[in-house]
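# Summary of structural features
Letter by letter, the chains look like this.
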Amino acid sequence: MRKVWLIIKREYLTRVKTKAFVISTLIVPLAGIVLVLLIAFLISHRPQHTVRLAIVDDAGGLAPSVKHSLEHSPDSSTPQFIVTDTFDHPNTAEVERDLRSHVNSGALDAYLIVPADLTQAVELHTKNPGNFAVLAPLTAALNQALIGARLSARGIHVDDIDQIARGVDLQVIKVSQSGEAVEKGQTMGIAIGLVILLYSSLLAYGIITMRSVLEEKTTRTMEVLISSVRPFELLTGKILGVAGTAFTQFLIWIVSLGLLASYGAAMATMFNPSSSFPAMHVPLSLLIWVACFFFGGYFLYSAMFAAVGAACSNEQDAGQLQWLAMGPLVFAISFYWLVMIDSTSTLSLVLSEIPFLAPVLMPLRLSIQAPPAWQLALSVVLLFGTIVGVIWASAKVYRVGVLMYGKRPSLPELLRWLRYS
Amino acid sequence: MEAISLEKVTKFYDGVHAVNDVTLRVRRGAILGLLGPNGAGKTSTIRMIMNILVPDAGSIRVFDQPVSDATRQSIGYLPEERGLYPRMQVRAVIVFLAALRGMPEPEANRLAREWLDRFELGDWSEKQVHDLSKGMQQKVQFISAILHKPPLIILDEPFSGLDPLNVATVKDVMLEMRSQGSTVVLSTHRMEQVERLCDSICLIDKGRNILDGDLRAIKQSYGKNTIQIEFNGPDGFLSHPAVSSVNRFANGAEAKLKPGAAAQEFLKAAVQSSAQITRFAVLEPSLNDIFIEKTGHA
């Protein structure tokens, strides 16, 4: 144990003292400050581009009410419209030619063509078809105008139409053990944030562990070390040493980001009193479970990356072989949306029980809706069982690989190493 | 009691015998030269003694104990593949490695200072390893191999990269350690060093122990069949029928006599030729000759 401790200590101290560590530790909170300031600035100074629109109305009688509802939208978050011209039953070809040249010259942003036969599609002609934000209010305004026209054709008074056609708002309220909370996208925010954080830190620190093993090989320090400590001790010490570095960094980040978040919210409110941040309530049990899966994932992936480092003798070879360790992680991240859409489905259950995917997918499920305790327990047992197996196999590869220089081993060769005594 | 004993040790990688049925005993308090061409199996043998590799057959004992993590604590090891953490301070590296071998850190610190001074590296002890020249790093490596005063020292090519002055210092330290009762195993290609330092040798070729024993006894067993001759003038006499092979130098030659041939006959022929003889000596074969004869290549 003393040797493992010595290795942890050396690994930790030499890493924490590097410029790279100090810079990367400082840069995240600093980037956070810049981001918060930028967001606060953008919220208060959002560029309000008004969409200039012309309406060609072949159906007749619809244009004025479309114009009305577009220009008097009560929702300030959607794009603002100004309807520059309306054309009722025009000479379409000629008018369209004019409008097209206006769009091209920049005098107009878009024009609508409402067909005479309303079973046909309404056309939106624009230079910027990527601006999806305009589609929803345009569709709503057109539908409202059309319904209004049909109702008044059936003798209903125009002033009543607004009241008849008024819909309801749907507010999402999340139900959980800890009570109910109005949902304004914070669940999804936390879920996506978690996935990104887990994926990137598992990857980043896995690669750091791999390079650390490689460094001992390329500087030929390995044989001196391996003559005093067992490969398993060296591997364990290295993983824990890098883990110590990682957790030091996370602690600094979490504390500084926590301070920043409360400060940032206050600042944003100062810039724009009407903006309200949704309350981010993170229960302690969630944090503990997430930490559990994070630690597990960290040991699992670090051991795999360390084995890759031990099997290779230079960075290029390691770069080619690291897919072995990265593969499952990429697999996990490419399925996160399946779990996010329906975190209680059988598919989500199966995926989140697979030990290589659990470190990312189970915290994701946890953040959306707490899974039953037996599912969590099973996943943890499977994960830690796999960790023992993977560390055992990695130590084998390590034992053989650390003294092998030269060509990169193939996958069958790696498997053969597992059988060496 | 032997410091090391190997009993029919075999190791093979993917069907190739790296070490093949090697039996060897290293006497306590002796300096053993482990010789052999490149790829002969010397490093594999050493790694098995260090318990880095496990033999496929046979057994190895160190100080009468089967090799284990415990036995290697008593060994100071300078591997052929050597290196140090480039971004660590010189003394910190030495102390770290000594601590891994079980030495308390304060004592390791004190000894590291002493040794660094002895190797004239005192001013460099706070510098980072990558600031040191290759020769200096070699010395740091050597210090870290012997700092914990091991009763058995295994040195794989300890002289490579050292200038003559440092070769002399390393040699002195080795003799000093022997006089304090330590056993030294020295793997090297430098025959003149082995000849001067070693009490016994073991010659390994193609994984097999082809010759081992007391160095003096081995040389005597070959008899005095080597002639060192220095001369000026034509060298036609070197093709005398008593001579089996000649190694020509600028001002002379080393000639090996056929078995049973008399040195006297050769000297007569040399004197009768028009060459002017300045030196003539009858010697035991050099280790180099024995090496070449035994392995068939240099």
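About the thresholds
- Residues numbered from 1 in each chain as written.
- Chains lettered and ligands numbered in written order.
- Predicted model: local features only at pLDDT ≥ 70, side-chain atom pairs only at ≥ 80, totals over all residues.
- Helix = DSSP H or I, 4+ residues; strand = E, 2+ residues; numbered from the N terminus.
- Buried ≥ 20, exposed ≤ 12 C-beta atoms within 10 Å, placed from the backbone.
- Contact = placed C-beta atoms within 7 Å.
- Core = buried A, V, L, I, M, F, W, Y, C linked by C-beta atoms within 7 Å.
- Nonpolar A, V, L, I, M, F, W, Y, C, P; charged D, E, K, R; others polar.
- Pairing = 2+ DSSP bridges.
- Axes fitted to C-alpha atoms, helices over the stretch in contact; angles between N-to-C directions.
- Parallel < 35°, antiparallel > 145°, perpendicular 65-115°, else oblique.
- Left-handed = near helix turned anticlockwise from the far one by under 90°.
- Domains from an automatic or database assignment.

Bringing the overall build of chain A into the picture now. Broken down by element type, chain A carries 17 helices and 6 strands. Considering chain A as a whole, with its 421 residues, one finds that 33% of them fall into the buried category. Considering only residue pairs separated by 6 or more positions, chain A has 75% of its internal contacts joining residues 24 or more positions apart.

Glancing now at the overall build of chain B. Helix and strand counts for chain B stand at 9 helices and 14 strands. Overall, the C-alpha framework of chain B stretches about 70 × 45 × 35 Å when taken along its three principal axes. By residue count, 39% of the 298 residues in chain B fall in the buried class. Put simply, of all contacts in chain B between residues at least 6 apart along the chain, 69% involve residues at least 24 apart.

What follows covers the nonpolar core. A:A306, A:V308, A:L361 and B:I94 are the most contacted members of the largest nonpolar core, which has 139 residues in total. Counting 24 residues, the second-largest nonpolar core is a separate cluster that includes A:V83, A:L99, A:L108 and A:L112.

On to the interface of chain B and chain A. Opposite the 20 residues of chain B that make contact, chain A presents 16 residues. The element best represented in the side of chain B that touches chain A is helix α2 (residues 90-100) of chain B, accounting for 4 residues. Across the side of chain B that touches chain A, the residue classes tally to 13 nonpolar, 1 polar and 6 charged.

All names here are of chain B. Where strand β1 (residues 2-13) lies against strand β2 (residues 16-27), 8 bridges are found, and the strand directions are antiparallel. Residue pairing for β2: I4 is matched across the bridge by V26. With 5 bridges joining them, β1 and strand β4 (residues 57-62) adopt antiparallel strand pairing. Along β4, the bridge assignment pairs T10 with A57.

Orientation of helix α1 (residues 2-16) of chain A relative to α2(B), taken along the N-to-C sense of each, is 160 degrees, at an axis distance of 9 Å. Of the possible angle classes, the one that applies to α1(A) and α2(B) is roughly antiparallel. Where α1(A) crosses over α2(B), the handedness of that crossing is left-handed. On the side of α1(A), the interface is formed by A:K3, A:L6 and A:R10, while α2(B) contributes B:F96, B:A99 and B:L100. Here the contact of α1(A) with α2(B) is built from residues that sort into 4 nonpolar, no polar and 2 charged.

Residue and element names in this part refer to chain B. Counted residue by residue, strand β3 (residues 31-35) has 5 buried out of 5 residues, so it is predominantly covered. Where burial is concerned, the two faces of β3 agree: the one with I31, G33 and L35 and the one with L32 and L34 are both buried. With 4 bridges joining them, β3 and strand β8 (residues 183-187) adopt parallel strand pairing. Counterpart to L32 in the pairing with β8 is V185. The sheet contact formed by β3 and strand β9 (residues 200-205) spans 4 bridges and is parallel. Residue pairing in the sheet places L32 in a bridge with S200 of β9.

All names here are of chain B. Segmentation of chain B into domains returns domain 1 (2-219) and domain 2 (222-295). Taking only C-alpha atoms into account, the centre of domain 1 sits 37 Å from that of domain 2. In this complex, domain 1 contributes 11 residues to the contact, which on the side of domain 2 involves 10 residues. For the side of domain 1 that touches domain 2, the secondary-structure elements that each account for two or more residues are α6 (191-197), β9, β10 (208-214) and α7 (215-221). Among the elements that take part in the side of domain 1 that touches domain 2, α6 stands out by supplying 3 residues, more than any other. Looking at the side of domain 1 that touches domain 2, its residues break down into 8 nonpolar, no polar and 3 charged.

Here we come to the packing of α2(B) against helix α3 (residues 105-118) of chain B. All names here are of chain B. Contact geometry for α2 and α3: axes closest at 9 Å, N-to-C directions at 130 degrees. One element, α2, and the other, α3, form an angle in the oblique class. With respect to the hand of their crossing, α2 and α3 are arranged in right-handed fashion. Every residue of α3 that contacts α2 at R91, I94, V95, A98 and A99 is listed here: E105, A108, N109, A112 and L116. Residue classes in the contact of α2 with α3 are distributed as 7 nonpolar, 1 polar and 2 charged.

Let us now look at unusual backbone geometry. All names here are of chain B. A positive phi angle, near 45 degrees, is found at K8, a position not held by glycine. Its location among the elements puts K8 in strand β1. On the neighbour-count criterion, K8 (12 C-beta atoms within 10 Å) is exposed. In this model, D64 sits at a positive phi of 70 degrees, which is unusual for a non-glycine residue. Mapped onto the fold, D64 is located in the loop between β4 and β5 (65-66).

Within the open sheet, the 4 strands sit side by side as β2-β1-β4-β5 (chain B). Their pairing is antiparallel. At either margin of the open sheet sits one strand with a lone partner, and together these are β2 and β5 of chain B.

Attention now moves to the environment of B:T71. All names here are of chain B. Of note, T71 is situated in the loop between β5 and β6 (75-78). Given 20 C-beta atoms within a 10 Å radius, T71 is considered buried. Each C-alpha atom of the pair T71 and I49 lies 9.2 Å from the other, and the pair is 22 residues apart in sequence. T71 has contacts with V62, F63 and Q65, leaving out every residue within four places of it along the chain.

Moving on, we get to the sheet that holds strand β11 (residues 226-232) of chain B. Residues and elements named next belong to chain B. Read across the sheet, 4 strands follow the order β12-β13-β11-β14 without closing on themselves; strand pairing throughout is antiparallel. A strand with exactly one partner marks an edge of an open sheet, and here the two such strands are β12 (243-248) and β14 (276-283). Averaged over all adjacent pairs, the angle separating strand axes in this sheet is 20 degrees, with direction ignored. Sheet topology places β11 next to β14; 7 bridges connect them, and they run antiparallel. Following the sheet pairing, E230 is matched in β14 by R279. Of the strands in this sheet, β11, β12, β13 (252-257) and β14 are in contact with helix α8 (residues 263-272), which crosses β14 at around 170 degrees.

Right, let's talk about helix α9 (residues 287-295) of chain B for a bit. Residue and element names in this part refer to chain B. Among all positions in α9, only L287, D289, I290 and F291 are buried. Those residues of α9 that are buried lie in contact with β3, α6, β9, α7, β11 and β13. Immediately downstream of α9, the backbone of G296 shows phi near 80 degrees, a positive value.

Moving on, we get to the environment of A:I190. Residues and elements named next belong to chain A. With respect to the helices, strands and loops of the structure, I190 is situated in helix α7 (residues 186-218). On the neighbour-count criterion, I190 (19 C-beta atoms within 10 Å) is partly exposed. For the pair formed by I190 and F294, sequence separation is 104 residues and the distance between their alpha carbons is 15 Å.

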